[in-house]
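# Remarks on the overall topology
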Amino acid sequence: MELTTEAKEQLDTALSVSGLRSTRQREHIYKVLLTRRDHPSADEVYARAKQEMPSISLATVYNCLDTLVECGLVKRLNYERESSRYCPNDGDHAHFMDEATGRVYDIALPEDFEKVVAKVLPDGFKANKVKLSFTGYAPVDLESNRVALSAK
Ligand SMILES: [Zn+2]
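All values reported here derive from a predicted model rather than from experimental measurement. All residue numbers here refer to positions counted from 1 along the written sequence of the relevant chain. A pLDDT threshold of at least 70 governs which residues receive local features in this predicted model, and a stricter bar of 80 or more applies before side-chain atom pairs are shown or counted, although totals over entire chains, interfaces and linings include all residues.

Right, let's get into the domain arrangement of the protein chain. The domain boundaries assigned to the protein chain delineate domain 1 (5–77) and domain 2 (91–150). Residue ranges for the domains trace back to a domain assignment, done automatically or taken from a database. Here the C-alpha centroids of domain 1 and domain 2 sit 23 Å apart.

Now the structure itself:
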């Protein structure tokens, strides 16, 4: 399976802004992340990547993930006592980590979210970014990650 033209363009643009070129491996890892947006760990990305690219090494997967994070296409999520998870940057959304299952859900945010939250800052503070991360319990019947995103 190939990256869509749009995803390929996004990748090429993001990499070239960082002075990097697209490689087969970087494309493949990006595609793996876009295919199943369930916030996999690096090990999970590696297992999925190997299905179509058996020669890829775990070190290469880590390098590709680092590159994708550095060029802003992918977010790295860190949770205590857990390995990092990866999320293809899909615009602004919050994350919800289910403490029972370890699953991470995307939560859509209202458009004016950043403005509203920025109001808590004292005068003179200017935020460039706000990250919102919940932990708790998701409803048990939330089968797919897409459910949470579209439940806005
Ligand atoms: Zn996400």
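Text resumes after the structure shown.
Right, let's talk about the nonpolar core for a bit. Linking buried Ala, Val, Leu, Ile, Met, Phe, Trp, Tyr and Cys residues through C-beta atoms within 7 Å yields a set, and such a set is a nonpolar core. For every residue, the other C-beta atoms within 10 Å of its own C-beta are counted; 20 or more classify it as buried, 12 or fewer as exposed, and values in between as partly exposed. C-beta atoms are placed from the backbone. Membership of the largest hydrophobic core comes to 20 residues, with the highest contact counts inside it found for Ile-29, Val-45, Val-61 and Leu-65. Elements are defined by DSSP. Helices are runs of H or I of four residues or more, strands are runs of E of two residues or more, and each kind is numbered from the N terminus. Listed by contribution, the elements that provide at least two residues to this core are α1 (5–17), α2 (24–35), α3 (42–52), α4 (58–70) and β2 (85–88). Residues are defined as contacting one another if the C-beta atoms placed from their backbone atoms lie within 7 Å. Discounting residues that sit within four places of it in the chain, Val-61 has contacts with Ile-29, Ala-42, Val-45, Tyr-46, Ala-49 and Ile-56.

A separate point is the packing of α2 against α4. The relative placement of two packed helices is expressed as an angle between their axes plus a distance between the axes. Between N-to-C directions, angles cover 0 to 180 degrees, with each direction set by a line fitted to C-alpha atoms, over the stretch in contact for helices. Running from amino to carboxyl end, α2 crosses α4 at an angle of 75°, the nearest separation of the two axes being 9 Å. As far as their axial angle goes, α4 and α2 are roughly perpendicular. Contact residues: α2 offers Gln-25, Arg-26, Ile-29 and Tyr-30, while α4 offers Thr-60, Val-61, Cys-64, Leu-65, Thr-67 and Leu-68. When residues are grouped by polarity, Ala, Val, Leu, Ile, Met, Phe, Trp, Tyr, Cys and Pro land in nonpolar, Asp, Glu, Lys and Arg in charged, and all others, Gly among them, in polar. Here the contact of α2 with α4 is composed, by residue class, of 6 nonpolar, 3 polar and 1 charged. Roughly parallel here means an angle under 35 degrees, roughly antiparallel means over 145, roughly perpendicular means 65 to 115, and every remaining angle is called oblique.

Further remarks concern the packing of α2 against α3. One way to put it is that α2 packs onto α3 with a least axis distance of 10 Å and a crossing angle of 115°. Judged by the sense of rotation from one axis to the other, the crossing of α2 with α3 is right-handed. On the side of α2, the interface is formed by His-28, Ile-29, Val-32 and Leu-33, while α3 contributes Val-45, Arg-48, Ala-49 and Glu-52. Considering only residue class, the contact of α2 with α3 consists of 5 nonpolar, 1 polar and 2 charged. Less than a right angle of anticlockwise turn of the near helix away from the far helix marks a crossing as left-handed, whereas a clockwise turn marks it as right-handed.

Looking at the element boundaries, Tyr-79 is found in the loop between β1 (74–77) and β2. Residue Tyr-79 is classed as partly exposed on the basis of its 15 C-beta neighbours within 10 Å. As a C-alpha pair, Tyr-79 and Ser-133 span 54 residues in sequence and 9.7 Å in three-dimensional space.

Expected span, for any helix, means 1.5 Å times one less than how many residues it has. Taking 1.5 Å per residue, 13 residues should reach 18 Å; α4 reaches 18 Å between its end C-alpha atoms and fits that length. Looking only at α4, the buried set comprises Val-61, Cys-64, Leu-65, Thr-67 and Leu-68. For α4, the buried positions fall inside an angular range of 160° around the axis, keeping them on one side. Residues of α4 that are buried in the fold lie against α2, α3, β1 and β2. Just beyond α4, the residue with positive phi is Gly-72, at close to 85°. In this description, the arc belongs to the directions extending from the helix axis to the C-beta atoms.

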